[in-house]
Amino acid sequence: MTIRLPDARGGLRVYEPRTEPLALTPATPFTSRTVFSAAHVVADPFADVGPDSPAAVDWDATLAFRRHLWSHGLGVAEAMDTAQRGMGLHWAGAAELIRRSAAEARAVGGRIACGVGTDQITGGSLAEIRAAYEEQLAVVEEAGAQAILMASRALAATAKSPEDYLEVYGHLLRQSAEPVILHWLGPMFDPALEGYWGPADLDAATDVFLDVIAAHPDKVDGIKVSLLDARREIDLRRRLPHGVRCYTGDDFNYPELIAGDEQGFSHALLGIFDPLGPLAAEAVRVLDTGDTAGFRALLDPTVQLSRHLFQTPTRYYKTGVVFLAWLAGHQTHFTMVGGLQSARSLPHFARAYELADTLGLFPDPKLAEERMKTLLSLYGVNQ
């Protein structure tokens, strides 16, 4: 069987899908790395909502996907950028997602950490921003989940100096019940976060970030760095206080960062581990045995797909993630909150399908092929 796929030049090419998936089965938790998958939400396709309406979520499918990730030993990073925080999923929906997923995690014994931000406001004073953070922190802690302090658009717009960041984060860390993960999300993921931590220069911003950690090392479990710069992440993790982990959020360079070097390694909190979940889990288990070469052999070939999904404009990578979840059978439709299923082109989808199929990511390759053909027919491509 073959399928005709569009290319970037406006033509069609013939592709022969694989017939068997990669053999991957659920297994035990990891021993050498802590690994979170930032999971997407599944929209309710029957809800009569528009792009600016509060998100309508299919809770059964959303929680089933989280159970899928937990079954492979992955932790779930909930209500993060991958779940379209600030791009369709508003705070009320995120709060419900946190409560439901945390309850599900307790029921199945899964690990969960949840995003804490300020997206219930669009701006305000430093006191109002602190209060917004506190409201969300209380929801996460009451749900029994670990907190991930996310970068705040409101704080980026309001802060006048590094001292403002030190004040807000210091206040939150002092009152957090348990150690948190600090998240530095770069402007390639969210342009509103340009100049986070105060200085425009990234070296100076890194110094401010490290000052926040140094003031409260007992309250920081780790940091998640999403700057798509492997060298900068390596330099940063070597400067962390003892006991503070680095969770890579670099969807371009994750194999080498997780594998590490003679001076250390990164753990992982990645959006690409949503579609790569079972394969990523298998690779980390190989790494648990000390077989770094085997780990790289499994994970290095996935980077081409990840770089494709996260290509500029990077913030629309969620569209490819949900598209692959549909092809893989984790949801019955290709609809997204906020209507973001339209954010990528047909050639982009075609290439994502081909790369994922080549990797053996689809549990049922025939189903994936049929669904790809359905999408193609909607765009006027006849087979």
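Everything quoted here is computed from the prediction, not taken from an experiment. (Residues numbered from 1 in each chain as written. Predicted model: local features only at pLDDT ≥ 70, side-chain atom pairs only at ≥ 80, totals over all residues. Heavy atoms only, no water.)

Asks: In this structure, what is going on with the side chain of Thr314? I would like to understand it.
Replies: Inspection of the secondary structure puts Thr314 in the loop between α11 (303-309) and α12 (317-327). Judged by its relative accessible area of 5%, Thr314 falls in the buried class. When residues no more than four places from it in sequence are discounted, the contact partners of Thr314 are Met188 and Phe189. (Helix = DSSP H or I, 4+ residues; strand = E, 2+ residues; numbered from the N terminus. Buried < 20%, exposed > 50% of the residue type's maximum accessible area, 1.4 Å probe, protein only. Contact = heavy atoms within 4.5 Å.)

Asks: Please explain the packing of helix α1 (residues 59-71) against helix α2 (residues 91-108) as it appears in this structure.
Replies: When two helices pack together, their arrangement is given by the angle between the helix axes and the distance between those axes. Here α1 crosses α2 at 45°, and the two axes come no closer than 10 Å. Comparing their axes, α2 and α1 come out oblique. Crossing of α1 over α2 shows right-handed handedness. Touching Trp59, Thr62, Leu63, Arg66, Arg67 and Trp70 of α1 are Gly93, Glu96, Leu97, Arg100, Ser101, Glu104, Ala105 and Val108, all from α2. (Axes fitted to C-alpha atoms, helices over the stretch in contact; angles between N-to-C directions. Parallel < 35°, antiparallel > 145°, perpendicular 65-115°, else oblique. Left-handed = near helix turned anticlockwise from the far one by under 90°.)

Asks: Would you explain the sheet that holds strand β10 (residues 267-270) in this entry?
Replies: Within a sheet, each strand pairs with its neighbour through backbone hydrogen bonds, oriented either parallel or antiparallel. Pairing is parallel around the closed barrel formed by 8 strands, whose spatial order is β3-β4-β5-β6-β7-β8-β9-β10. Mean inter-strand twist for the sheet, computed between neighbouring axes without regard to direction, equals 25°. Docked against the sheet, α1 engages β3 (35-38), β4 (75-78) and β5 (112-116), running at close to 140° with respect to β4. (Pairing = 2+ DSSP bridges.)

Asks: Looking at this structure, how should I read the packing of aromatic side chains?
Replies: The relative placement of two aromatic rings is captured by the distance of their centres and the angle of their planes. One pass over the structure, following the stated rule, counts 20 aromatic pairs. Ring centres of Trp184 and Phe209 lie 5.3 Å apart, and the angle between their planes is 65°; on these two criteria the pair is classed as edge-to-face. Of this pair, Trp184 sits in strand β7 (residues 180-185) while Phe209 is found in helix α6 (residues 202-215), placing the two residues 25 residues apart along the sequence. There is no split in this pair, since Trp184 and Phe209 are both buried. Taking 6.1 Å as the distance between ring centres and 85° as the angle between the ring planes, the aromatic pair formed by Phe189 and Tyr317 counts as edge-to-face. In this pair, Phe189 is assigned in the loop between β7 and α6 and Tyr317 in helix α12, connecting sequence segments 128 residues apart. Accessibility expressed as a relative area gives 4% for Phe189, which makes it buried. The class of Tyr317 is buried, set by a relative accessible area of 3%. (Phe/Tyr/Trp six-rings, centres within 6.5 Å; stacked < 30°, edge-to-face > 60°.)

Asks: Looking at this structure, I do not really get the nonpolar core. What am I missing?
Replies: Across soluble globular proteins, you tend to see nonpolar side chains buried next to one another. Ranked by size, the top nonpolar core spans 120 residues in total, and within it Leu182, Tyr196, Phe273 and Phe323 carry the most contacts. Core analysis: the second largest hydrophobic core is formed by 10 residues, Ala38, Ile148, Met150 and Ile181 among them. (Core = buried A, V, L, I, M, F, W, Y, C linked by side-chain atoms within 4.5 Å.)

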